[in-house]
Amino acid sequence: MTVPGAERLTLSQARRITLRAQGLDRPRPVRPAAPTMRQFQQVVDRLGVLQIDSVNVLARAHLLPAFSRLGAYDPALLDRASGTAPRRLVETWAHEASYVPPETFRLLGWRQRAYLDQAWGAIAEVPMKHSPLVEEVRTIIAERGPVTARQVQQDFEADHPTTRGEWGWNWSVAKRVLEFLFFTGEITSAGRNGAFERRYDLTSRVLPPHVLALPEPSDEDAVRALTQIGARAHGIGTLRSFADYFRIKESRVVPAIADLVEEGVLQEVVVDGWNQGPVYRHRDADLPRRATGRALLNPFDPLVFERRRLEALFGLRYRIEIYTPEPKRVWGYYVLPFLLGESLPALVDLKADRKAGVLRVLSAHRATGSTVPDADVVEPLAAELHELAGWLCLDDIMVGDRDGVLRGDLAADLAIAVRSA
């Protein structure tokens, strides 16, 4: 039941609140120099989480949200933030595997302790299947850390040889034990090497001392704090979207939202056309008069985390198709929505062909339901592709697959716009 006298908003207003909260409501500033660590930190503070994904067909998922908001920044900023003391980012299970600020790591102890319920089977069963190895790996980390899974596996290869097809990601026994200790928070990553392998170390040696000294929050306080981070990053949203930000069960978030409403942090509002249960606005969420930004958003960008919310707000039914057999894909393999103003009018399947020095636009589709004229989409999209190619150090952009076939209803016009941009 809606609260009497609740603020009433249009979908357009809700979209603009969302885009302002995400730092996507205005064009990226033109800077005389590359973005600094301070500006990168502002993105981290705004989003609260950067999801990690190993797919590198374009650029790794955790690198792209900062580009979408800052433009051509140096990815070494993230490496420094996560790999050099005092760390500004640490790895943990948050919204899947993610980088979070160290203070947020301390809010996830309830999940780490409840690994039997929170982790998937191959992780939760490690203490039962590999109890002696857990102690051995603990000793190795304490004595030699930071170390990679390959380095640790060398100690066990004779008795536990690596297999190729046993299950899942073909993890070695060392990797399984390390990931168990990683999930439970006993160890974390001290940084990544050039092969993007975690360099595992004791969490006590990775977290900054002032964070280690913080008192352990109660489970309820931790969930409430995480819910507030998600609500602030969204600006406006539902129980489902706030819970999804850190992948918390909705039943645990219900009392957190009630507390935040009572404290005045969240306010229940009515958004015309958004019929997915009560909607809440964060007290710090601004409503800009216009949204004039543009950005390519990777499939793991916080703006598109929660697909039902995305569809309700922007009318875009978006599904990642990496695991869909190619003949059944609708949009492509690694498809990025294109944000223009307050709409998502296009979807492009992109690949960084590093060997050829080319950004390949394998397909370019008009988003279903988009009312933005194609002519108003292709030129800013072409400009955005040129900025992306420059950031990736690619010399050219090619629209079409390797055979030159243009795929998607925007591809032909986009090819012309790319050449003339």
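Residues numbered from 1 in each chain as written. Predicted model: local features only at pLDDT ≥ 70, side-chain atom pairs only at ≥ 80, totals over all residues. Heavy atoms only, no water.

A few words now on the overall build of the protein chain. Tallying secondary structure elements over the protein chain gives 20 helices and 14 strands in all. For the protein chain, whose C-alpha radius of gyration is 22 Å, the value lies close to the compact-globule estimate of 22 Å for 421 residues. For the protein chain, the spread of C-alpha atoms along the three principal axes comes to 65 × 60 × 45 Å. Among the 421 residues that make up the protein chain, the fraction classed as buried is 56%. Considering only contacts within the protein chain whose residues lie at least 6 apart along the sequence, 67% involve residues at least 24 apart. Here the protein chain displays about 18,900 Å² of accessible surface, and carbon together with sulfur accounts for 50% of that area. (Helix = DSSP H or I, 4+ residues; strand = E, 2+ residues; numbered from the N terminus. Rg over C-alpha atoms; globule rule 2.2 N^0.38 Å. Buried < 20%, exposed > 50% of the residue type's maximum accessible area, 1.4 Å probe, protein only. Contact = heavy atoms within 4.5 Å. Areas by Shrake-Rupley, 256 points an atom, 1.4 Å probe, with all protein chains shown as cover.)

The biggest cluster of nonpolar side chains holds 88 residues, and the ones touching the most others in it are Phe-40, Leu-58, Tyr-334, Leu-350, Leu-385, Leu-388 and Leu-414. Broken down by element, this core gets its largest block of residues, eight residues, from helix H19 (residues 374-391). Apart from residues no more than four positions distant in its own chain, Leu-414 is found in contact with Val-361, Ala-364, Val-378, Leu-381, Ala-382, Leu-385 and Val-399. (Core = buried A, V, L, I, M, F, W, Y, C linked by side-chain atoms within 4.5 Å.)

Read across the open sheet, the five strands follow the order S10-S11-S12-S13-S14; overall the sheet is mixed. Two strands bound the open sheet, and with one partner strand each, they are strand S10 (294-296) and strand S14 (396-399). The sheet shows a mean angle of 30° between the axes of neighbouring strands, direction not considered. Here S10 runs beside strand S11 (residues 335-340); their pairing, made up of three bridges, is antiparallel. (Pairing = 2+ DSSP bridges. Axes fitted to C-alpha atoms, helices over the stretch in contact; angles between N-to-C directions.)

Further remarks concern the pattern of salt bridges. Applying the stated criterion across every chain yields a total of 36 salt bridges. A salt bridge links Arg-247 to Asp-244; its shortest N-O distance comes to 2.9 Å. The salt bridge partner of Asp-401 is Arg-407, with a shortest N-O separation of 3.0 Å. Using a relative accessible area of 15% as the deciding quantity, one classes Asp-401 as buried. Among the residues examined, Arg-407 registers a relative accessible area of 44% and is labelled partly exposed. Members of the salt-bridge network, linked through shared partners, are Glu-91, Lys-175, Glu-179, Arg-192 and Arg-198. (Salt bridge = Lys/Arg side-chain N within 4 Å of Asp/Glu carboxyl O.)

Here the focus is the environment of Pro-373. Take Pro-373: it is sitting in the loop between strand S13 (358-366) and H19. Separated by 138 residues in the primary sequence, Pro-373 and Gly-235 have C-alpha atoms spaced 29 Å apart.

Another point: the pairing of strand S12 (residues 343-353). Summarising burial for S12: nine of the 11 residues are buried, a large majority. In textbook terms, the turn of a hairpin is the stretch between consecutive antiparallel strands, and for S11 and S12 this stretch comprises two residues, one of which, Gly-341, has a positive phi near 65°. Where S12 folds back onto S13 in an antiparallel hairpin, the turn is made up of four residues, including Gly-357, whose phi is positive at roughly 70°.

Looking now at the environment of Ala-421. Along the polypeptide, Ala-421 turns up in the segment after helix H20 (411-420). Among residues more than four places away in sequence, those in contact with Ala-421 are Ala-382 and His-386.

Right, let's get into the domain arrangement of the protein chain. Where interface size is given, it is often the accessible area lost as the parts come together that is meant. Assigned domains of the protein chain: these are domain 1 (48-213) and domain 2 (315-419). The centre of domain 1, based on its C-alpha atoms, is set 32 Å off from the matching centre of domain 2. Contact residues are listed per partner, giving 12 residues for domain 1 and 14 residues for domain 2. Buried area between domain 1 and domain 2, summed over both chains or domains, comes out near 1,200 Å², and the portion from carbon and sulfur atoms is 70%. Contact with domain 2 buries area across many residues of domain 1, yet Val-57, Leu-58 and Phe-67 alone supply 58% of it, more than any other trio. The tally of links from domain 1 across to domain 2 stands at zero salt bridges. On the surface where domain 1 and domain 2 come into contact, there are four residue pairs in polar contact (both at pLDDT 80 or more). (Domains from an automatic or database assignment. Buried area = accessible area lost by both parts, 1.4 Å probe. Polar contact = N/O pair within 3.5 Å; in protein donor to acceptor, adjacent residues only side chain to side chain.)

Strand order in this open sheet of four strands is S1-S8-S9-S7, and the pairing throughout is mixed. Strands with a single pairing partner mark the edges of an open sheet, and in this sheet they are strand S1 (7-9) and strand S7 (236-238). Neighbour to neighbour, the strand axes of the sheet diverge by 45° on average, direction disregarded. Across three bridges, the pairing between S7 and strand S9 (residues 279-282) is antiparallel. Across the sheet, Thr-238 pairs through a bridge with Val-279, a residue of S9. Across the sheet, helix H15 (residues 219-234) lies against S7, strand S8 (266-271) and S9, angled at about 85° from S9, the strand it touches most.

Turning to helix H2 (residues 37-47), its buried residues are Met-37, Gln-39, Phe-40, Gln-41, Val-43, Val-44 and Leu-47. Considering only its buried residues, H2 is in contact with helix H1 (11-22), strand S2 (50-51), helix H3 (64-70), helix H4 (76-83), H15 and helix H16 (239-245).

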